[in-house]
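Structural characterization, general
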Amino acid sequence: MQNSPQTAILRYELAPGQAAREALDETMAAYAAMFSMLTAETAIGKAGANLVTLHELAYETIRTRTGLPARMVTLGLRDFASSLGRKPAIDRLPLDEKLFTIKGPTDLTVATVRGRVSIPYDVVGYSNGQLEVFNAQLLAENGRYHILIGVTPHSHRTEGNMMMNESILSRMGRLIAGLANNAVDKAEGSNKIIVVEQALREIAEAAQEARNDIGKARAEEFRILSRHKEIAADIQRLEEKITAAVDAGRDDLAKAGVARQIDLESQLAALDKAMADVESQIKDGQQALQAVLATQREVEARLVELKSSASRIVDETGASQGKPGALAGANRAAAAITRVTGVPGSETSASAELDELDRLHRERAIEARLNAFKANRN
């Protein structure tokens, strides 16, 4: 994996089982031993930083003594040559696309001294920075293993502007908590209306964020379901071929078919896990959207109250003489808020339909909960 411009580091946290962890531990130890061998036998006064000379002098010896994968030895020689004159990092080793492979949404494989091992992983997220020399590394840190990959993200998803492990539902909860009535009451004079209008703008942004997340999750759900159907069909076709092979006495062909079936079934298990995660994201997104829309109704009602109160004050002082009534002013203000926030006004037919749909949903939820309460009482 050649160096390329990178502005962020993507981190995978590995969750190896006992055998995989031992393989990783032995590989890290073998890599450290390789550096010791290079320092003692080849680097001093012989090869210096000449990578070609290092390879000629040490490659075969290192492969024989350490058992490291050939590609890892090649990268290690380059790593050693680039680190001459400074203390080498013994808690990490270089990787490329031949040394680790993403096999699915939950598993990857890594080449080790014991061969390739399959390891579950979680995507931690992005952080600012760049990797030195190589664009991928295996890192041992505080008893845990991570894979770091230098990337150039297409959107700004780094630590400074992203909440990596926070669900959309919890983010919406923080927004709703920040729109409490006492926060509005603390504003002085006409600033109360400004506070509420700003709150509506934030609600509109939050609602759009929830819709976007739901849309992305739906797209991922469709992709997973499509792949799931393809694999299930492949397994069914293999079933027929295995049966035909057994009937023909070709156990060798039947065994190959069964092996392929097992591989496909393991992929289905990974897809099932991914589907469960996506369904959880959709559920959180829908709950968040409902919560935000409920808050929107509350804040809009508060805005009407504030504008009505302001209009009465103007009428009492006579300042509104010769101007349109309070209702027309409120309607214009509501229309302006609609343009700014993207929230449809209540006078449009589309909004009326959405309001009716939302009302029906609420009534059904209320009726279902009441029936459940009655059933529990009985």
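Presented here is a report on the structure given in the accompanying data block. All values reported here derive from a predicted model rather than from experimental measurement.

Next up on the list: the overall build of the chain. Helices and strands together make up the secondary structure of the chain, namely nine helices and seven strands. Per-residue burial for the chain yields a buried fraction of 33% across its 378 residues. In the chain, the proportion of contacts linking residues at least 24 apart, taken out of those at least 6 apart, comes to 74%. Surface accessibility of the chain: about 22,800 Å² in total, with carbon and sulfur atoms responsible for 53%.

Once that is clear, we can look at the sheet that holds strand β4 (residues 107–112). With antiparallel pairing, seven strands are arranged side by side in an open sheet as β2-β6-β7-β1-β5-β4-β3. The outermost strands of the open sheet, each flanked by one partner alone, are β2 (92–94) and β3 (100–102). Across the sheet, the mean angle from the axis of one strand to that of its neighbour is 30°, orientation sign disregarded. Note: strand β6 (residues 136–141) against strand β7 (residues 144–151), six bridges, orientation antiparallel. The partner of A140 across the bridge, within β7, is Y145.

Attention shifts here to the nonpolar core. Residues L14, L95, L138 and I147 are the most contacted members of the largest nonpolar core, which totals 43 residues. For this core, the elements supplying multiple residues, two or more each, are β1 (8–14), α1 (18–47), α2 (51–66), α3 (70–83), β4, β5 (115–128), β6 and β7. Residues contacting L14, with those up to four places away along its chain left out, are L24, L108, I119, P120, Y121, L138, Y145, H146 and I147. Of all hydrophobic cores here, the second largest spans 14 residues; its members include I193, A199, V292 and L306.

We now examine unusual backbone geometry. The residue N142 is not glycine, and still its phi comes out positive at about 55°. For N142, the location among the structural elements is in the loop between β6 and β7. With relative accessibility at 78%, the residue N142 sits in the exposed group.

One ladder, built from seven bridges, connects β1 with β5; its direction is antiparallel. Bridge pairing in β5 links Y12 to V123. As paired strands, β4 and β5 are joined by six bridges and run antiparallel to one another. Paired with A111 across the strands is R116, a residue of β5. The antiparallel pairing of β4 with β5 creates a hairpin that spans two residues between the two strands.

Here we take up the pattern of salt bridges. Evaluation of the coordinates by the stated rule reveals twelve salt bridges. Notably, a salt bridge pairs R11 with E141, separated by 3.3 Å at the nearest N-O pair. Note that R11 is positioned in strand β1 and E141 in strand β6, a separation of 130 residues in sequence. Put simply, E220 and R223 hold a salt bridge, and the shortest N to O gap is 2.6 Å. Of this pair, E220 and R223 both sit in helix α6 (residues 191–247), three residues apart, which is roughly one turn of that helix. Each of E22, E26 and R114 takes part in salt bridges that share partners, so that together they form one network.

Time to look at the pairing of β7. For β7, the buried fraction is high: seven of the eight residues fall into the buried class. When β1 meets β7, the two strands line up antiparallel, connected through six bridges. Each bridged residue has a counterpart across the sheet, and for Y12 the counterpart in β7 is I147. Between the end of β6 and the start of β7, which pair antiparallel, lie two residues, with N142 showing a positive phi angle near 55°.

Right, let's get into the packing of aromatic side chains. One pass over the structure, following the stated rule, counts three aromatic pairs. On the numbers, 5.0 Å between centres and 40° between planes, the contact of Y12 with Y121 is tilted. Separated by 109 residues along the polypeptide, Y12 in strand β1 and Y121 in strand β5 bring together distant segments of the chain. By the burial criterion, Y12 is buried, and Y121 matches it. Between Y31 and F35, the ring centres sit 5.3 Å apart and the planes meet at 45°, which makes this aromatic pair tilted. Here Y31 and its partner F35 are both found in helix α1, four residues apart, which amounts to about one turn of the helix. Grouped by ring-pair contacts, the aromatic residues Y31, F35 and F80 constitute a single cluster.

So, how was this worked out
- Residues numbered from 1 in each chain as written.
- Predicted model: local features only at pLDDT ≥ 70, side-chain atom pairs only at ≥ 80, totals over all residues.
- Heavy atoms only, no water.
- Helix = DSSP H or I, 4+ residues; strand = E, 2+ residues; numbered from the N terminus.
- Buried < 20%, exposed > 50% of the residue type's maximum accessible area, 1.4 Å probe, protein only.
- Contact = heavy atoms within 4.5 Å.
- Areas by Shrake-Rupley, 256 points an atom, 1.4 Å probe, with all protein chains shown as cover.
- Pairing = 2+ DSSP bridges.
- Axes fitted to C-alpha atoms, helices over the stretch in contact; angles between N-to-C directions.
- Core = buried A, V, L, I, M, F, W, Y, C linked by side-chain atoms within 4.5 Å.
- Salt bridge = Lys/Arg side-chain N within 4 Å of Asp/Glu carboxyl O.
- Phe/Tyr/Trp six-rings, centres within 6.5 Å; stacked < 30°, edge-to-face > 60°.

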